[in-house]
Amino acid sequence: MMAAASVATDTASKPGGCFKRRAETPAAPDGDERWAHPAAAGRRAVDLMVPGISCAGCMAKIERSLGAEPGIAAVRVNLSLRRAHVEFDPAESSVAAVTDALGRLGYEAKPFDAAALAEIDRDSRGRDLLARLGVAGFAAMNVMLLSVSVWSGAEAATRDLLHWVSALIAIPAIAYAGRPFFASALSALRARRLNMDVPISLAVLLAAGTSLYEVSQSGTHAYFDAGLGLLFFLLLGRYLDHRTRAAARSAAAELTALSARSATVIGADGTRSTVAADAIAPGALVEVAPGERIPADGVVESGTSDLDRSLVTGESMPEPVGPEAPVHAGMLNLSGLLRIRASATGEDTLLAEIARMIEAAETGKTRYDRWADQAARIYAPGVHLVALAAFVGWVWATGDIRHSIAIASAVLIITCPCALGLAVPAVHAAAGGRLFRAGIFLKDGAALERLAAVDTVVFDKTGTLTDGRPRLADAPEPDDTAWPIAAAMAAASRHPLARALAEAAEARGVVPVTLGEIRETPGAGLEAWAGGIRIRLGSAAWTGAEPLPDTAVHLRIGDGTPLAFTFTEGLREDAPELCSDLRRMGFRVVLLSGDGCKPVARVAGATGIPDHRSGLTPRDKLDALDRLRAEGSRVLMVGDGINDAPALAAAHASMSPVSAAEVSRAAADLVFTGSRLAPVAIAIRTARTARHRAMQNFALAALYNACAIPLALAGMVTPLVAALAMSGSSIIVTLNAVRRWGDTGRGPT
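As the structure is a computational prediction, the values presented were derived from the model and not from experiment. (Residues numbered from 1 in each chain as written. Predicted model: local features only at pLDDT ≥ 70, side-chain atom pairs only at ≥ 80, totals over all residues. Heavy atoms only, no water.)

Novice: Explain the overall build of the chain to me, please; I cannot follow it from the model alone.
Specialist: Summing up its helical and strand segments, the chain has 26 helices and 27 strands in all. Within the span of the chain, comprising 749 residues, buried residues form 54% of the whole. When contacts within the chain are restricted to residue pairs at least 6 apart in sequence, long-range pairs at least 24 apart make up 70% of them. Here the chain displays about 30500 Å² of accessible surface, and carbon together with sulfur accounts for 58% of that area. (Helix = DSSP H or I, 4+ residues; strand = E, 2+ residues; numbered from the N terminus. Buried < 20%, exposed > 50% of the residue type's maximum accessible area, 1.4 Å probe, protein only. Contact = heavy atoms within 4.5 Å. Areas by Shrake-Rupley, 256 points an atom, 1.4 Å probe, with all protein chains shown as cover.)

Set out below in structure tokens:
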């Protein structure tokens with residue numbers, strides 16, 4: 001195929017600062033040291049699946065408590081994967097000690113393997129939560145309908161019958177729908193700690209138990225609807241949170257699609273054998289046919305071809321390679337047969353390094369503590385103390401244990417953290433709907449919190465600020481006789497530059513001449529003969545032309561002077577407007593690209609971005625983000641290429657167009673559709689509104705508790721009224737979340 005004149009960028013450095021992933025291992029007995037693998041400074045490391053991790057509070061608890069254990073050097077928890085990476089000194093600790101410590105915290109540990117990850121991907125937990133939510137909602141509606149008759153004046157036997165029917169509906173529904181809360185609370189109590197599920201479970205059980213006792217005594221009031229309504233609202237919030245987290249899959253896992261599964265190895269005697277890609281030894285000679293992915297890093301020993309090198313450069317344009325050209329695992333061979341001398345295989349390849357960088361960045365990003373989790377640390381013990389004080393105080397004052405239990409139940413129900421638990425998920429759901437209507441897909445609710453705090457926006461060039469399609473920028477005059485020949489030659493190739501040239505010729509009304517057989521030389525260009533004259537269209541080297549700094553192809557007819565057709569990429573329609581808008585809002589705007597200096601400078605000039613850098617590898621982009629972070633900047637990264645994935649994962653927040661590489665879409669926090677960049681500004685403004693709205697919800701929840709708790713303590717609230725008040729506070733918080741959204745926070749904070 002034809003070749004662009006652009007030069008391949010420098011190769012990326014070898015793995016350095018990120019921890020290495022080991023090959024997945026089958027399950028082993030608890031404490032088996034085969035789980036462990038070598039780490040830095042003589043340490044050992046173990047990667048464990050911890051299915052019980054459900055929130056940032058769990059993550060912080062594990063990292064803080066496990067990190068304090070003797071011999072533990074480092075603990076990193078990935079919330080998206082529910083994975084814990086632990087490094088320890090083998091002289092002081094062991095895998096058994098690590099798993100025992102996790103057990104004491106109430107978390108079961110399993111080996112991290114592909115099968116466990118696949119189980120998460122099947123989302124059995126999401127389906128389970130949805131089923132329990134449906135049961136709670138259906139039962140609550142039926143019990144409330146029965147309660148209407150009681151409230152309307154049903155008495156004696158009729159009232160008792162309605163109460164018993166309500167009990168028959170409510171008790172099994174509470175047992176099923178409340179199981180996630182009961183199991184979590186029991187696990188926490190066994191580990192001698194409190195979490196938010198303990199007061200929730202107590203409130204539900206007390207409401208059900210008190211109601212059952214009242215019914216057995218032909219009492220006037222029953223509160224089954226209170227327990228079911230409480231479970232319904234809490235399950236709704238938990239399911240919304242689960243769905244946003246389930247969408248945030250590990251981008252590192254997506255890179256496996258770019259790995260070659262097998263390879264053809266040429267032996268010393270010239271024989272060919274097919275081996276697994278991870279069995280290739282450094283120094284082996286590997287043959288890669290057109291359409292295959294390169295299985296190892298190395299250098300081309302023989303052959304010429306075009307490669308899709310977007311893994312490193314981010315550029316969609318195929319690049320020619322020949323002998324001595326460096327190549328990397330995961331690159332796609334497009335046209336010619338190549339023989340490659342492998343220099344790095346398996347975990348030492350650039351592809352593996354990118355996966356490690358993404359994984360390390362994801363782990364660091366999940367250290368962000370969510371607002372509700374921070375409030376929960378003091379809320380749960382406070383609720384228990386208040387309820388206990390109410391019970392003890394009323395027993396001491398009246399001696400009536402039954403009445404004291406009812407008041408304690410009312411306190412627990414009225415102070416139940418439903419409004420607090422919905423404060424953030426309700427806002428995230430409303431913001432997610434607003435973003436969806438704008439063509440923006442939010443994958444992780446916590447990303448809104450990070451996005452609201454950004455003060456710097458970093459763009460990739462190709463496919464982000466530009467549309468990634470080559471357009472003819474400079475060419476011979478329309479009446480030049482070279483045009484019909486160039487059109488005929490270009491029509492014979494599927495190379496992107498050839499297609500762009502053919503489209504430009506058609507737009508100019510050029511009628512191609514008729515040529516004989518046109519041959520294509522991979523990595524060089526096209527050749528034909530007409531009347532004994534050789535015609536070539538392709539790279540500068542192929543046609544004998546002087547190389548140009550721009551992307552170009554050259555046409556040479558016989559011994560004539562080569563004619564250049566230069567190409568550029570078109571900007572996205574609103575790229576200059578968006579960059580100007582971001583600067584007016586007070587954001588610092590930066591352009592980082594793997595492309596050459598001149599194309600990057602041209603795009604930077606057109607968009608008004610003064611801070612731009614070119615020729616960057618994935619590691620270079622990651623280092624640039626690290627420097628910005630060290631300066632105190634909170635970065636929003638917007639990119640689309642495979643080489644952008646580590647930077648997308650490492651940034652404070654990240655966005656990617658839907659046309660991006662799959663691994664980049666997986667690494668990004670938000671994905672947007674369409675050909676415009678306006679969603680970037682919309683997302684920032686929505687995130688700032690969401691932060692403002694969430695803080696309002698916390699204030700409303702605090703005001704509700706400040707008013708409701710004294711009334712409950714004074715015995716002025718029955719459990720039923722408490723349930724209605726609790727539901728009312730949840731409705732107020734939800735209505736505040738979904739009311740009309742406007743723009744707030746016009747600049748960085």
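Novice: Explain the sheet that holds strand β17 (residues 466-474) here, please?
Specialist: By way of backbone hydrogen bonds, the strands of a sheet pair with one another, either parallel or antiparallel. Strand order in the open sheet made by the 6 strands is β17-β22-β21-β20-β19-β18, with antiparallel pairing throughout. Edge positions in the sheet fall to β17 and β18 (519-521), since each of these pairs with one other strand and no more. The average angle at which neighbouring strand axes cross in this sheet is 20 degrees, direction not considered. Relative to strand β20 (residues 533-538), strand β19 (residues 525-530) runs antiparallel, the two sharing 6 bridges. Within the sheet, the bridge partner assigned to A530 lies in β20 and is I533. (Pairing = 2+ DSSP bridges. Axes fitted to C-alpha atoms, helices over the stretch in contact; angles between N-to-C directions.)

Novice: Can you help me understand the sheet that holds strand β6 (residues 262-266) in this one?
Specialist: What the 6 strands build is an open sheet, ordered β7-β6-β8-β14-β9-β12; its pairing is antiparallel. Two strands bound the open sheet, and with one partner strand each, they are β7 (272-276) and β12 (326-327). Sheet topology note: the strand β8 (residues 285-288)/strand β14 (residues 338-344) ladder contains 4 bridges and is antiparallel. Each bridged residue has a counterpart across the sheet, and for V286 the counterpart in β14 is I340.

Novice: I'm lost on a nonpolar patch on the surface in this one. Help?
Specialist: Together, W164, I171 and L212 line one region of the surface with nonpolar side chains, adding up to about 250 Å² of accessible area. Following the sequence through the fold, L212 ends up in helix α7 (residues 197-216). With relative accessibility at 35%, the residue L212 sits in the partly exposed group. (Patch = residues over 30% accessible without salt bridge, like charges linked within 9 Å, V, L, I, M, F, W, Y side chains within 5 Å. Salt bridge = Lys/Arg side-chain N within 4 Å of Asp/Glu carboxyl O.)

Novice: Just to check I follow, could you spell out helix α4 (residues 124-151) for this structure?
Specialist: It helps to recall that an α-helix has 3.6 residues per turn; residues three or four apart then point in one direction. Here α4 contains 28 residues, and its C-alpha end-to-end distance of 40 Å stays within 8% of the 40 Å for a straight helix at 1.5 Å per residue. Within the sequence span of α4, burial applies to G126, L129, R132, L133, A136, G137, A139, A140, V143, L146, S147 and V150. In the stretch just after α4, G153 is the one whose phi turns positive, near 120 degrees. (Expected span 1.5 Å × (residues − 1).)

Novice: It is not clear to me how the packing of aromatic side chains should be interpreted in this structure. Could you clarify?
Specialist: Note on aromatic pairs: each is described by the distance of the centres and the angle between the planes. Throughout the structure, instances matching the rule amount to 1 aromatic pair. Seen in terms of ring centroids, W483 and F565 are 5.4 Å apart; in terms of plane orientation they differ by 85 degrees. Their pairing is edge-to-face. With a gap of 82 residues between them, W483 in helix α17 (residues 482-490) and F565 in strand β22 (residues 563-571) connect regions that are remote in the sequence. An identical accessibility class is assigned to W483 and F565; each is buried. Between R536 and the ring centre of W542, over which it is positioned, the NZ or CZ distance is 3.6 Å. (Phe/Tyr/Trp six-rings, centres within 6.5 Å; stacked < 30°, edge-to-face > 60°. Lys NZ or Arg CZ within 6 Å of the ring centre and 35° of its normal.)

Novice: When you look at unusual backbone geometry in this model, what are you seeing that I'm missing?
Specialist: With the exception of glycine, the majority of residues adopt a negative phi angle, and the majority of peptide bonds are in the trans configuration. One non-glycine residue, E324, lies in the positive phi region at around 80 degrees. Relative to the assigned elements, E324 resides in the loop between β11 (319-321) and β12.

Spatial relationships are all this shows, so hold off on functional conclusions.
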